Every structure is written in C-alpha cells, then in structure tokens.
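Overview (structure and organization)
Residue strings, one per chain:
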Amino acid sequence: MSLTVKMIDIKKCCLTYYPADVLTHPAQPVEKIDKDIRSLVDRMTDIMLEKKGVGLAAPQAGMPLRLFIISLNSTREAVKVYINPNITPEGEVALIEEGCLSVPGVYTKIRRYKKCKVTATDLNGNEFSEEGEGLYAKALQHEYDHIEGVTIVNRMSQAAKISHRKQLKKLKEAYENNTK
C-alpha cells in the first residue's frame, strides 16, 4: 500500500532522530506533486538550514516519502529537490567522513562511490539527470540511503559502532523516552 500525500501534516514535520521507525524502512513514492509536497519541501528546507545541513530526506522530517533536498552551500537559493530519485554509483569507492542530522554527534568514515548519477523529478514535474562527484556525490548517496531506510549507523564499521556506542545509546534512550 502506498502512502497518500493527504497524510502530510506540515505542523508535525520536524527532524527525526535515530533510531526512529521512519528512518528504518524504505519510503513510499510521491504520487502527485501538489501544494502539500511544495509545503513539505519548504518545511524540509527550513529544518535543513536551521540545523546547518547540506541535505535532508523526507523520512528525516518524519514523512516516509521518496523525496530529498540538497543545498551544497547551505542556502535556500541553492536548494535542489529530488522526487522519486534513482542513484547509479560510478567509479571508485572511498572512505569518506560523514555526519548526519538524524544521528547528531556521530562522525564516521563511510564507504561511498566517488561519483554517481541521479535521475529524479523536480517540483515542476520535470524529469532530470545529473552526474555528481565529491561532496555532491556523497550527499546524493547519503540522502538516497535515507529514502531506502538506511542510516550511517547501518553503514558504520563495527569498530566505529563501538567507538560511538555512548552517543548511539544516548540517542536510543532519548527516542525511547520520547515515544512512551
């Protein structure tokens, strides 16, 4: 069953933290680009800029939709929207340090492709394709992981999980306390 856009409550959209359920399952396709989706993108942009991020996926805003935004220079003007995206990794793999707004206080090396291609739909309903490398490729892969239900915690090495165990435990306890 796919999620309908009528379920979007912008007032309830806020940054979700590991290990929230919405971060652990593949998101549903966006079926229609309408004012609710545009409002969601505006709210996601506010959250991303407030937290000084370069990208944010809809599940991070509590919405299980296949949608993310990226702004490499962290400005509203540079925000690019990716609806129902597909990512094709290319070339070499490198260990690259990453953090995540949904996993605050954790920075770890993650294996990512140095390049990738993205095909997505923009807010006007136009399909586009781009190739990315460097920070752009990393951001595309990171946000795509979110709509697939994957966080950096899933991609961390066992040694990294051990070294970050206190922060991960703190995030789990905070989540459990907030969901009681």
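In what follows, the structure referred to is the one given above.
One structure accompanies this document, and this report is about it. (Residues numbered from 1 in each chain as written. Predicted model: local features only at pLDDT ≥ 70, side-chain atom pairs only at ≥ 80, totals over all residues. Heavy atoms only, no water.)

1. With respect to the layout of surface pockets
Applied cut-off: Cavities and pockets are found on a 1 Å grid laid over the protein atoms alone: a cavity is a set of points where a 1.4 Å probe fits but cannot escape, a pocket is an open set with protein on both sides within 12 Å along at least five of seven lines, and a lining residue has an atom within 4 Å of such a point. Grid points are joined across faces, edges and corners, and a volume is the space filled by probe spheres set on the points. The helix count covers DSSP runs of H or I at least four residues long, the strand count covers runs of E at least two residues long, and both are numbered beginning at the N terminus. Any residue outside Ala, Val, Leu, Ile, Met, Phe, Trp, Tyr, Cys, Pro, Asp, Glu, Lys and Arg is labelled polar, Gly included; the first ten of those are nonpolar and the last four are charged.
The computed volume of the largest pocket comes to approximately 370 Å³. In this structure, the largest pocket is lined by 21 residues; those nearest its centre are Gly53, Val54, Gly99, Cys100 and Leu101. For the lining of the largest pocket, the elements supplying multiple residues, two or more each, are β3 (80–99) and α2 (135–147). The greatest single-element share of the lining of the largest pocket, amounting to five residues, is contributed by α2. Here the residues of the lining of the largest pocket are counted per class, giving ten nonpolar, six polar and five charged. Looking at the second largest pocket, its volume works out to about 160 Å³. In the lining of the second largest pocket, the residues fall into eight nonpolar, two polar and no charged.

2. Some thoughts on the packing of aromatic side chains
To be explicit about the condition: Only rings of Phe, Tyr and Trp enter the pairing, Trp through its six-membered ring, and a pair is recorded when the two centres are within 6.5 Å. The plane angle decides the type: under 30 degrees is stacked, over 60 is edge-to-face, the rest tilted. For every residue, the accessible area obtained with a 1.4 Å probe (protein chains only) is divided by the maximum for its type, and the residue is called buried under 20%, exposed over 50%, and partly exposed between those limits.
Enumeration according to the criterion identifies two aromatic pairs in this entry. Relative to tyrosine 82, the ring of phenylalanine 68 lies with its centre 4.9 Å away and its plane at 25°, an arrangement referred to as stacked. With phenylalanine 68 in strand β2 (residues 67–70) and tyrosine 82 in strand β3, the pair connects residues that are 14 residues apart, well separated along the chain. The exposure class of phenylalanine 68 is buried, given its relative accessible area of 0%. Overall, tyrosine 82 belongs to the buried group, its relative accessible area being 1%. Feature note: the residues Phe68, Tyr82 and Phe128 constitute an aromatic cluster, connected by ring pairs.

3. Some points on the sheet that holds strand β1 (residues 55–57)
Inclusion rule: Pairing between strands is defined by DSSP: at least two bridges between the two strands are required. Think of each axis as a best-fit line through the C-alpha atoms, taken over the contacting stretch in the case of a helix, with angles from 0 to 180 degrees between the N-to-C directions. Contacts were defined at the residue level, with two residues in contact if any of their heavy atoms lie within 4.5 Å.
Strand order in this open sheet of five strands is β1-β2-β3-β4-β5, and the pairing throughout is antiparallel. Whereas interior strands pair on both sides, the edge strands pair on one side only; in this sheet they are β1 and β5 (127–133). Strand-to-strand, the axes of this sheet are offset by a mean angle of 35°, without reference to chain direction. Alignment of β2 against β3, held across four bridges, turns out to be antiparallel. When the bridges of β3 are listed, isoleucine 69 appears paired with valine 81. The sheet contacts of helix α1 (residues 35–50) involve β1, β2 and β3, and relative to β2 the element is tilted by about 45°.

4. Let's talk about the pairing of β5
Looking at chain direction, strand β4 (residues 107–121) and β5 are connected through seven bridges and run antiparallel. Within β5, the position partnered with cysteine 116 by the bridge is glycine 132. Count of turn residues in the β4/β5 antiparallel hairpin: five residues, of which glycine 125 carries a positive phi of about 85°.

5. Let's talk about the pattern of salt bridges
Note the following rule: A pairing counts as a salt bridge when a side-chain nitrogen of Lys or Arg comes within 4 Å of a carboxyl oxygen of Asp or Glu.
Under the counting rule described, the total for this entry stands at nine salt bridges. Between aspartate 46 and arginine 76 there is a salt bridge, with its nearest N and O atoms 2.5 Å apart. Pair noted here: aspartate 46 is in helix α1 and arginine 76 is in the loop between β2 and β3, with a separation of 30 residues, a long-range link. By relative accessible area, aspartate 46 is classed as partly exposed at 31%. A residue is classified by how much of its surface remains accessible, and arginine 76, at 42% relative accessible area, is partly exposed. Across the pair arginine 66 and glutamate 148 runs a salt bridge, and its minimum N-O distance is 2.5 Å.

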